Amino acid sequence: MYIPSASIFDPDDNGHFGIFGGRYVPETLMPALFELKKEYEKIRFDKDFWKEVDYYLKDYVGRPSPLYFAENISKELGAKIYLKREDLNHTGAHKVNNVIAQGLMAKRLGMKKVIAETGAGQHGVATATICALLDLECEIFMGAKDVARQELNVFRMKLLGAKVNSVESGSRTLKDAMNDAIRHWVTNARDTFYIIGTVAGPHPYPMMVRDFQAVIGYEAREQILQKENRLPDKVIACIGGGSNAIGAFQHFLQDTEVECIGIEAGGLGVETDKHGASLLKGRPGILHGQMSYLLQDSDGQILEAHSISAGLDYPGIGPEHAFHKDNGSVSYDNVTDDEALDAFVWLSQKEGIIPAFESSHAVAYLKKLKDIKDKLIIVNLSGRGDKDMIQAKDILKFD
Amino acid sequence: MKQLVAYITTGYPDVNFTADLALALGESGVDSIELGVAFSDPVADGPIIEKANFLALERGFRFQDILSVSKKIAKDVDTLWMGYFNPFYQYNISKLLQKASSLHVSGLIIPDLPHEEALLYSDEFEKNSLANISFVAPTDTKERIKELVSNAQKFIYLVAYAGITGAGKSEDLQKIVTDIKSYSNTPVYVGFGVNEKTAKEKSKGVDGVIVGSAFIDILLQDNITLTQKIERCSKLCQIIKSKINE
């Protein structure tokens, strides 16, 4: 059974990973964050809590997710490629791992109301799912632009019983959905639990969500040792906020022989202003309750990100990634929209696995790796591509 | 006499107007001006101030404008800078506070820089004789209030309700005001949701009020001239000042 363990990368008592992280929120929310931190300290290593999480992860989500040897692409690349199949989880992505645990925390705190922000809608669907399961009232904040382009996920959330608020302010995407979720939370801090979808936001969220997602790397480590009798040379994952990546990396970070590589959205190219590469092109700054790398202008106004995948379309990144970048404990690179799309088709036709646009970024990096020959590599396949079908159909135009 | 603090979004519709308005408000009974730094993601603000922020940015507001307006007004009316932490942080806090001090600004109000994160900068504030205004929220426990106000400078910003600026909410603040006063002699000003109608009620038991959305609401009216906007804001200021001191 998975239970988090203390890590040398745990933040300090106020949530700082080096200079990053922290709690940059209006005072009204501070008591709620203190309470959440206290509650998290109680359950972090508590067997009874994790037994309950384990039950849902096994019987409801379908964990452990397989570590699949992708033979066809391995042959083509002259390497050994394993895919960690988070795409096979219930609701279609890694998001559910985090949401189950946060939903159970909301219950323990006696909160009946849950809110969440969502970009592509995956975290919104996962949250709506868990609220249906645990009998919680669910309200989702989603940018108006995303509501229009992810119509199917909006319907899914409604079908699951959630209320979906279309956010009209700012760039009308994930960033603004999070602004409005925070505004709603400030207003209803006393009786509402905010389920943040990634390793971002004020402390203790980045650490908590990391612990909840680290089940990915915990399983992958055991699985690869069993199949190959050794650790992988590389673990690759895509990064928007960074939760699937942190989850996949966590149990390999202290093994010097394993290189963890996070792939940011290169969009139309990092030399243009249309990308989501906050680590490469951003500077440290403060947004949504945390200090981290941000895409911003010289005055500190936040810039809009761009990516073919709505899940990577965010101008910030989780603070622990900012720390790992400066610390050198994780390598970071990026993949463009075109390269990701190419990998989307490649994996579909070579392995019969349709990856999400987000995960396609991690897959695409295999083709960019120069020293790949004979290497043992795990790619975290964070989600499946069903949600991207309409967008892909318009771009690919197969006859 | 109870004090009145007015928030205005700098650069909407332009910086000359902001300076004129600030000076006019100073003559109409406002005791301090909060010069607002427009930000792309103002999470503590309701739709009115959020809109003014977006419009100011659309019209080309730059951080530099805060400095030029301060230069024009800060000697005549007590001036504080109000804004989210990121634009301040990008300027470089050390440089920023020296600059503020040299322009005769008296303090900063940063809604997303809570006590724990602000500690890192308290020496710099002190060195430059600037107040970093302490917030107290109605969700705070007595124990936390003690921590928040023990070193409070200039005034304590008591948030009137759990929520965002300009919402029509109210909460009973009597107990929290008593708690604050038991730990600090620094004046307590109430902000959030204070307007012509609520000013008298909200000022009960405290030393002043902070008004933002009610002024910005006038600035956003599009069927009146700039001169009329200044007149109406000045009038509102006189009404509120007399209501809180009735």
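For clarity, every value in this text was computed on a predicted model and none was experimentally measured. Sequence positions are assigned chain by chain, starting from 1 and proceeding in written order. Here chains are named by letter from A upward and ligands by number from 1 upward, in the order in which they appear as written. Thresholds applied to this predicted model are a pLDDT of at least 70 for local features of residues and 80 or more for the giving and counting of side-chain atom pairs; totals over whole chains, interfaces and linings are not thresholded and use all residues. Side-chain calculation: all heavy atoms of the structure are included, whereas hydrogens and water are not.

Another aspect to go through is the pairing of strand E7 (residues 156-159) of chain B. All names here are of chain B. Here E7 shows a buried face lined by Ile156 and Leu158 and a second buried face lined by Tyr157 and Val159. As paired elements, strand E6 (residues 134-136) and E7 share three bridges and run parallel to each other. Among the inter-strand pairings, Phe135 is bridged to a residue of E7, identified as Tyr157. Call a crossover right-handed when, viewed with both strands pointing away from you, the route from the first strand across the helix to the second goes clockwise. Helix and strand assignments come from DSSP, with helices taken as H or I runs of at least 4 residues and strands as E runs of at least 2, each series counted from the N terminus. On the question of chirality, the crossover connecting E6 to the parallel E7 by way of helix H8 (residues 142-149) is right-handed. Strands qualify as paired when DSSP identifies two bridges or more between them. Relative to strand E8 (residues 188-191), E7 runs parallel, the two sharing four bridges. When the bridges of E8 are listed, Leu158 appears paired with Val190. With helix H9 (residues 174-183) bridging E7 and its parallel neighbour E8, the resulting β-α-β unit is right-handed. Exposure categories follow from relative accessible area, calculated using a 1.4 Å probe and restricted to protein chains: below 20% of the type maximum is buried, above 50% is exposed, and the middle band is partly exposed.

This brings us to the pattern of salt bridges. All names here are of chain B. Should a side-chain nitrogen of Lys or Arg be within 4 Å of a carboxyl oxygen of Asp or Glu, the pair is scored as a salt bridge. This structure, assessed with the given rule, holds 48 salt bridges over all chains. For Lys154, the salt bridge goes to Asp78, with nearest N and O atoms at 2.7 Å. Within this pair, whereas Lys154 is found in the loop between H8 and E7, its partner Asp78 is found in strand E3 (residues 78-82), the two being separated by 76 residues in sequence. Accessibility expressed as a relative area gives 32% for Lys154, which makes it partly exposed.

Turning our attention to the interface of chain A and chain B. One frequently used descriptor of interface size is the decrease in accessible area upon assembly of the parts. Two residues qualify as a contact provided that any one of their heavy atoms is within 4.5 Å of a heavy atom in the partner residue. Of the residues lining the interface, 36 residues belong to chain A; the matching set on chain B comes to 39 residues. When two parts are put together, the accessible area they lose, computed with a 1.4 Å probe and summed over both, is reported as buried area. Where chain A abuts chain B, roughly 3000 Å² becomes buried across the two surfaces, and 50% of that area is made up of carbon and sulfur atoms. Area buried by chain A at its contact with chain B is led by Glu27, Arg183 and Asp299 of chain A, which between them contribute 23% of it. Linking chain A with chain B are five salt bridges. Each polar contact in these results corresponds to two N or O atoms within 3.5 Å; when the atoms are within protein, one needs to be able to donate a hydrogen and the other to accept it, and residues that are neighboring in sequence are counted only if both atoms are side-chain atoms. On the surface where chain A and chain B come into contact, there are 27 residue pairs in polar contact (both at pLDDT 80 or more). Of all elements in the fold, only strand E2 (20-24), helix H1 (30-43), helix H8 (174-187), strand E11 (283-287) and strand E12 (289-294) of chain A reach the threshold of two or more residues within the side of chain A that touches chain B. Of all the elements, H8 of chain A adds the most residues to the side of chain A that touches chain B, at seven residues. In terms of residue class, the side of chain A that touches chain B is built from 15 nonpolar, 13 polar and eight charged. In this count, Pro and Cys sit with the nonpolar residues alongside Ala, Val, Leu, Ile, Met, Phe, Trp and Tyr, while Asp, Glu, Lys and Arg are called charged and the others, Gly among them, polar.

On to the packing of helix H5 (residues 122-134) of chain A against helix H7 (residues 151-159) of chain A. Residue and element names in this part refer to chain A. Here an axis means a line fitted to C-alpha atoms, over the contact stretch when the element is a helix, while the angle between two N-to-C directions is reported on a 0 to 180 degree scale. Where H5 contacts H7, the two axes come as close as 9 Å, and the packing angle between them is 10°. In terms of orientation, H5 lies roughly parallel with respect to H7. Seen from above, H5 lies across H7 with left-handed handedness. Contact residues: H5 offers Gln122, Gly124, Val125 and Ala128, while H7 offers Asn153, Arg156 and Met157. Of the residues assigned to the contact of H5 with H7, the class counts are three nonpolar, three polar and one charged. Note on terminology: angles under 35 degrees are roughly parallel, angles over 145 are roughly antiparallel, angles of 65 to 115 are roughly perpendicular, and the others are oblique. By definition, any crossing whose near helix is turned counterclockwise from its far helix by less than a right angle is left-handed, and any crossing with a clockwise turn is right-handed.

Aromatic rings from Phe, Tyr and Trp, taking only the six-membered ring of Trp, are treated as a pair when their centres fall within 6.5 Å; an angle between ring planes under 30 degrees marks them as stacked, one over 60 as edge-to-face, and anything in between as tilted. One pass over the structure, following the stated rule, counts 24 aromatic pairs over all chains. For the pair Trp50 of chain A and Phe212 of chain A, a centre-to-centre distance of 5.8 Å together with 55° between the ring planes defines the contact as tilted. Remark: Phe212 of chain A occurs in helix H9 (residues 205-213) and Trp50 of chain A occurs in helix H2 (residues 47-61); sequence separation between them is 162 residues. The buried category is assigned to Trp50 of chain A, whose relative accessible area is 2%. On the numbers, 6.0 Å between centres and 85° between planes, the contact of Phe63 of chain B with Phe88 of chain B is edge-to-face. Within this pair, whereas Phe63 of chain B is found in the loop between helix H2 (47-58) and helix H3 (64-73), its partner Phe88 of chain B is found in helix H4 (residues 85-91), the two being separated by 25 residues in sequence. Under the relative-accessibility criterion, Phe63 of chain B is labelled buried at 3%. An aromatic cluster of at least three residues, connected via ring pairs, comprises Tyr2, Tyr40, Phe49, Trp50, Phe212 and Tyr218 of chain A. Definition used: whenever NZ (Lys) or CZ (Arg) falls within 6 Å of the ring centre and also within 35 degrees of the ring normal, the charge is taken to sit over that ring. Taking NZ or CZ as reference, Lys367 of chain A lies 4.4 Å from the ring centre of Trp346 of chain A, over its face.

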